[in-house]
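This is what each chain is made of:
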Amino acid sequence: MFLRIIFYGNEATPTAQVTPEYYCRAQCTLGDPEKVSGALIDVAKHLGNLKYRVWEKMLGTVQYTPVTLDPNTADPKLSLSEDLTSVRYSGERQEVPDNPERFVGWCWVLGSEGFSSGRHCWDVEVGGVEWRVGVIKESFSRKGRLDLSPAGGVWSIKLIRGEYRVMTSPLTVLTVQRNLQRVRVQLDWDRGEVSFSDPSDNTPLYTVKHSFTERLFPIFGTVGTVQICPLKVSVCVE
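Everything numeric here is computed off the predicted structure, so don't read it as measured data.

Asker: What should I look at first to understand the overall build of the protein in this one?
Answerer: A tally of regular secondary structure across the protein gives two helices and 13 strands. Expressed as a percentage of its 238 residues, the buried residues of the protein come to 35%. Considering only contacts within the protein whose residues lie at least 6 apart along the sequence, 63% involve residues at least 24 apart. Of the roughly 15,900 Å² of accessible surface on the protein, a fraction of 51% belongs to carbon and sulfur atoms.

Shown next as structure tokens:
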């Protein structure tokens, strides 16, 4: 490769007996451009497994809760969050349809999905002076006088008047080392077991046994606030 540099004379210079166009020429030889490694965009780095990488990033912002609440079953004095993962006692009766599925006079709400087989587990953050968590059979009456015992189709733990009670027959009063902030509910439908424990240290609280014959729904009752805890989601690559 050659580089040519041309210097033109001053236009004011007399041109008599001088070549009309004169210049000084310099030439030098340059080597070919060096090819630098990594100059190209690493397409594989930015586009390889793109869908997976986007999904992996979303794990930091997306939450999964094993149970969502059914607003059509909520007592008129209960208010549900927009994402249907928490319920609060409002104390004021809301204008809602009096549909057959709705509890009236009992500050309860059910989970949106029932279970008729398998094992299921969810953690509940409990607060307020009264609350109840557990499971209830699908055919349980939502109106009038309710039978809250296992014979009536309710298997639950509750806080009332400062006592932790399990709905058995006769009633079981629990002794705990500290006030419960969270309760874990584990349902094994096939084995006929509903277990309650403290998820902060995995302390067992009580296990109720019964031969289930129909679909069971998670139940939540409160004169305060109850929140279904999200699960941690992880990625496993095989």
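Asker: Any chance you could explain the environment of Ser79 here in plain terms?
Answerer: By the secondary structure assignment, Ser79 is in strand 3 (residues 78–80). Sequence separation of Ser79 and Thr225 is 146 residues, and the distance between their C-alpha atoms is 9.5 Å. Beyond its immediate sequence surroundings of up to four residues, Ser79 is in contact with Ser86, Val87, Arg88, Ser90 and Gln94. Reaching out from Ser79, the side chain makes a polar contact with the side chain of Gln94 at a distance of 3.3 Å.

Asker: Looking at this structure, how should I read the environment of Val133?
Answerer: Relative to the elements of secondary structure, Val133 occurs in strand 6 (residues 119–137). Taking the relative accessible area as the measure of exposure, Val133 reaches 0% and is therefore buried. Separated by 52 residues in sequence, Val133 and Val185 have C-alpha atoms that sit 7.7 Å apart. Other than its neighbours up to four places away in sequence, Val133 contacts Val124, Val126, Ser156, Ile157, Val183, Val185, Phe196, Ile219 and Phe220.

Asker: Help me out: how do you make sense of the pattern of salt bridges in this one?
Answerer: With the rule as written, the count across this model stands at nine salt bridges. For the salt bridge of Asp188 with Arg119, the shortest nitrogen-to-oxygen distance reads 3.8 Å. Note that Asp188 is positioned in strand 10 (residues 182–188) and Arg119 in strand 6, a separation of 69 residues in sequence. Accessibility expressed as a relative area gives 10% for Asp188, which makes it buried. Given the relative accessible area of 67%, Arg119 is considered exposed. Asp123 is the salt-bridge partner of Arg184, the closest N and O atoms lying 2.7 Å from each other. Taken together, the residues span a long stretch of sequence, with Arg184 in strand 10 and Asp123 in strand 6 at a distance of 61 residues. Each of Arg178, Asp198 and Asp201 takes part in one network of salt bridges that share partners.

Asker: How should the pairing of strand 13 (residues 216–228) be read in this particular structure?
Answerer: Side-chain positions along a regular strand alternate between the two faces of the sheet. The buried fraction of strand 13 is high, at 10 of 13 residues. One ladder, built from three bridges, connects strand 5 (residues 108–110) with strand 13; its direction is antiparallel. Within the sheet, the bridge partner assigned to Trp108 lies in strand 13 and is Gly221. Pairing analysis gives 12 bridges linking strand 6 to strand 13, with the strands arranged antiparallel. Across the sheet, Lys137 pairs through a bridge with Leu216, a residue of strand 13.

Asker: In this structure, what is going on with the nonpolar core? I would like to understand it.
Answerer: Generally speaking, soluble globular proteins have nonpolar side chains that are buried together. Trp131, Val133, Ile157, Val183 and Phe220 are the most contacted members of the largest nonpolar core, which totals 34 residues. Where this core is concerned, the elements lending two or more residues are strand 6, strand 7 (154–160), strand 8 (163–166), strand 10, strand 11 (193–198), strand 12 (203–209) and strand 13. The element best represented in this core is strand 6, accounting for six residues. Setting aside residues up to four positions removed in sequence, Phe220 forms contacts with Val67, Leu69, Cys107, Trp108, Val109, Gly111, Trp122, Val124, Arg132, Val133, Val226 and Ile228.

Asker: Any chance you could explain unusual backbone geometry here in plain terms?
Answerer: Excluding glycine, most residues fall at negative phi; most peptide bonds, likewise, are trans. For the peptide bond that leads from Ser169 to Pro170, omega is 5°, which places it in the cis range. Looking at where Pro170 falls in the secondary structure, it is placed in the loop between strand 8 and strand 9 (172–174). Not every positive phi belongs to a glycine, and Arg161 is a case in point at roughly 50°. In this structure, Arg161 sits in the loop between strand 7 and strand 8.

Analysis parameters
- Residues numbered from 1 in each chain as written.
- Predicted model: local features only at pLDDT ≥ 70, side-chain atom pairs only at ≥ 80, totals over all residues.
- Heavy atoms only, no water.
- Helix = DSSP H or I, 4+ residues; strand = E, 2+ residues; numbered from the N terminus.
- Buried < 20%, exposed > 50% of the residue type's maximum accessible area, 1.4 Å probe, protein only.
- Contact = heavy atoms within 4.5 Å.
- Areas by Shrake-Rupley, 256 points an atom, 1.4 Å probe, with all protein chains shown as cover.
- Polar contact = N/O pair within 3.5 Å; in protein donor to acceptor, adjacent residues only side chain to side chain.
- Salt bridge = Lys/Arg side-chain N within 4 Å of Asp/Glu carboxyl O.
- Pairing = 2+ DSSP bridges.
- Core = buried A, V, L, I, M, F, W, Y, C linked by side-chain atoms within 4.5 Å.

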